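Observations on chain architecture
So the chains spell out like this:
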Amino acid sequence: MSPCPSPRPGLFWLLTLALLATVAPGSRESQLRIGKAINIFLRYGYLSISMRVIPLNDNVESERWVFKEPTKNIYRNLSGLAESLEDDTPNIFHGDFHMEFCENQRQLFQAYFRDISIERMDKPWEAFTGGWFADNAAKKLGINTSFIQGDYAYVLVRVVRNRETGRLKAEIPVGQPLMPDVQSQVDQLEVGNLSSATSFMDKVGTHYVNSYTTGNSLFQVFVYNKKNFLMIKERIKSKGINGLSKMDLYNYFAPWFAEHIGNIRSASANATVERWAKRKLQYEYYVVKYVTLLKLHGNSTLLRTLDQLLGNDAILQLDLKSLNPVFREQPAKESWFHEVLDNNMKLWELNMPQSHHRR
């Protein structure tokens, strides 16, 4: 169902919560599997509630989970086209260390969700962040609320540990048999009939899982004024991070150069690994002590330990493709499905609290 425009973000939030509480699961289940379909409109703007990509604001949870979004099988006999890979080669770190320079809050959100793609959506990160307000956004990112607003720039530093990768080995072939209930919904979709298109999305979905990577990560946000931010950006751009001396590297990411240094957080809000980071990644310069992810850079001993601590607890990469393959033999229906899908995505984007804040 398409969202109705609301001038009051608070009301929209209450309506969204009501929707989440009353949706019946039906024949759906919650599994992150290749080829399964999801409806991104079910929790648009709040997808981090059901996909573990960034910490929730809850400090204690009774269960560990990675993916709770309702999914649906679309095709029969698809397992032969999917593959899942795990890499646990000993004595190496299975991941990467990187930093991203963000000129404003929007770029910070975009950077964090850079490896999440949703076909036909220009700003896929808004499917996760559209419902955020300043206080819960800041808590998720580990920074003080006063620094999520205002004329600040950010550097996102992240260490990612990949555990499992799933993907389709080839394009879904034309004529791949559909599940009977899905075929029935395809047959019932009528070109030009809006209710039939939205009914298809409600009962089947909007996208399917094309690939994913799970694991965990540690990240830290550094907040700067614009002058210092541009200085660091140009220096690293010209020399590269490996071209800086260790002293320069620590100096640029120190509390006397940054306006604010955020807490180190894990994507899954794993308290054990966050406590380890607070204890092992402390840097001391004369009388000043602070915790920094930069201490991991080039430190193979710490990275090997972290390799074991970061489990298979979060989604690191996700590629969702539009469900157009089910209509490939019926181009008129495919075009109508995409038209309704595109219009709904625009409506949801306009009605999110983040959109109200930008006006």
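Okay, so let's go over this structure.

What counts and how
- Residues numbered from 1 in each chain as written.
- Predicted model: local features only at pLDDT ≥ 70, side-chain atom pairs only at ≥ 80, totals over all residues.
- Heavy atoms only, no water.
- Helix = DSSP H or I, 4+ residues; strand = E, 2+ residues; numbered from the N terminus.
- Buried < 20%, exposed > 50% of the residue type's maximum accessible area, 1.4 Å probe, protein only.
- Contact = heavy atoms within 4.5 Å.
- Areas by Shrake-Rupley, 256 points an atom, 1.4 Å probe, with all protein chains shown as cover.
- Arc of directions from axis to C-beta.
- Polar contact = N/O pair within 3.5 Å; in protein donor to acceptor, adjacent residues only side chain to side chain.
- Pairing = 2+ DSSP bridges.
- Salt bridge = Lys/Arg side-chain N within 4 Å of Asp/Glu carboxyl O.
- Lys, Arg positive; Asp, Glu negative; His and termini not counted.
- Phe/Tyr/Trp six-rings, centres within 6.5 Å; stacked < 30°, edge-to-face > 60°.
- Lys NZ or Arg CZ within 6 Å of the ring centre and 35° of its normal.
- Axes fitted to C-alpha atoms, helices over the stretch in contact; angles between N-to-C directions.
- Parallel < 35°, antiparallel > 145°, perpendicular 65-115°, else oblique.
- Left-handed = near helix turned anticlockwise from the far one by under 90°.
- Nonpolar A, V, L, I, M, F, W, Y, C, P; charged D, E, K, R; others polar.

Our focus in this paragraph is the overall build of the chain. Looking only at helices and strands, the chain has twelve helices and eleven strands in total. Counting all 359 residues of the chain, 52% fall into the buried class. Expressed as a percentage of contacts within the chain between residues at least 6 apart in sequence, the contacts between residues at least 24 apart total 81%. For the chain, the exposed area adds up to about 16,900 Å²; of that, 50% sits on carbon and sulfur atoms.

Buried within helix α9 (residues 271–280) we find Val-273, Glu-274, Trp-276 and Ala-277. Down the axis of α9, the buried set is contained in an arc of 155°. They therefore lie on one face. Turned more than 90 degrees from where α9 packs its buried face, Arg-275, Lys-278 and Arg-279 sit exposed. Against the buried residues of α9 lie β6 (207–224), β8 (265–266), β9 (282–285), β10 (288–291) and α10 (300–309). The residue sitting at the N-terminus of α9 and contributing the capping side-chain oxygen is Asn-270; that oxygen lies 2.9 Å from the backbone nitrogen of Thr-272.

As a further point, take helix α6 (residues 194–203). Among the residues making up α6, those that are buried are Ser-196, Ala-197, Thr-198, Phe-200 and Met-201. Gly-205 occupies a position one or two residues after α6 and carries a positive phi of about 145°.

Attention shifts here to the pairing of β9. Where β9 and β10 come together, four bridges link them in antiparallel fashion. In the strand pairing of β10, Gln-282 is matched with Val-291. Connecting β9 to the next strand, β10, in antiparallel fashion are two residues, including Tyr-286 with a positive phi near 55°.

In this section: the environment of Lys-280. Of note, Lys-280 is situated in helix α9. In this structure Lys-280 comes out as partly exposed when scored by relative accessible area, which is 41%. Separated by 22 residues in the primary sequence, Lys-280 and Leu-302 place their C-alpha atoms 8.2 Å from one another. Among all residues touching Lys-280, those that are not within four sequence positions of it are Lys-295 and Leu-302.

This model, assessed by the stated rule, comprises 14 salt bridges. With its nearest N and O atoms 3.4 Å apart, the salt bridge here joins Lys-233 to Glu-103. Of the two residues, Lys-233 is situated in helix α7 (residues 226–239) and Glu-103 in the loop between β3 (95–102) and α2 (105–112); the sequence distance between them amounts to 130 residues. In this structure, Glu-274 engages Arg-265 in a salt bridge whose closest nitrogen and oxygen atoms are separated by 3.6 Å. Relative accessible area serves as the criterion here: at 16%, Glu-274 is assigned to the buried category. Assessed through its relative accessible area of 14%, Arg-265 is described here as buried.

We now examine the side chain of Glu-164. Residue placement: Glu-164 occurs in strand β5 (residues 153–168). Look at Glu-164: it is buried, it has no salt bridge, and the nearest opposite charge is Arg-33 at 5.9 Å. Of the polar contacts made by the side chain of Glu-164, one reaches the side chain of Ser-84; its length is 3.1 Å. Other than its neighbours up to four places away in sequence, Glu-164 contacts Ser-84, Leu-85, Glu-86, Tyr-212, Thr-213, Thr-214 and Asn-312.

Another point: the packing of aromatic side chains. One pair of aromatic rings is described through two measures. These are the centre distance and the angle between the planes. Throughout the structure, instances matching the rule amount to 20 aromatic pairs. Ring centres 6.0 Å apart and planes at 55° place the aromatic pair Phe-113 and Trp-132 in the tilted group. With Phe-113 in the loop between α2 and β4 (116–118) and Trp-132 in the loop between α3 (126–129) and α4 (134–141), this residue pair connects regions lying 19 residues apart in the sequence. Assessed through its relative accessible area of 3%, Trp-132 is described here as buried. Relative to Tyr-283, the ring of Tyr-250 has its centre 3.9 Å away and its plane inclined at 5°; by these criteria the two rings are stacked. On the criterion of sequence distance, the pair formed by Tyr-250 in helix α8 (residues 246–252) and Tyr-283 in strand β9 is long-range, its members being 33 residues apart. You can call Tyr-250 buried: its relative accessible area is 8%. Looking at Lys-68, its charged tip hangs above the ring of Trp-65, at a distance of 4.5 Å from the centre. The residue whose ring lies beneath Arg-158 is Tyr-112, and the NZ or CZ to ring-centre distance is 4.6 Å.

Next up on the list: the packing of α9 against α10. For the pair α9 and α10, interaxial distance at closest approach is 11 Å and the crossing angle is 165°. Regarding the angle of α9 to α10, the classification is roughly antiparallel. Seen from above, α9 lies across α10 with right-handed handedness. Where α9 approaches α10, its residues Val-273, Trp-276 and Lys-280 are matched on the opposing element by Leu-302, Thr-305, Leu-306 and Leu-309. Taken together, the residues that form the contact of α9 with α10 break down as five nonpolar, one polar and one charged.

Moving on, we come to unusual backbone geometry. Of note, Asn-77 is a non-glycine position whose phi angle comes to about 55°, a positive value. In this fold, Asn-77 is placed in the loop between β1 (37–38) and β2 (82–86). On the basis of relative accessibility, which here comes to 67%, the residue Asn-77 falls in the exposed class. Even without being glycine, Arg-120 reaches a positive phi, approximately 75°. Structurally, the position occupied by Arg-120 is in the loop between β4 and α3.

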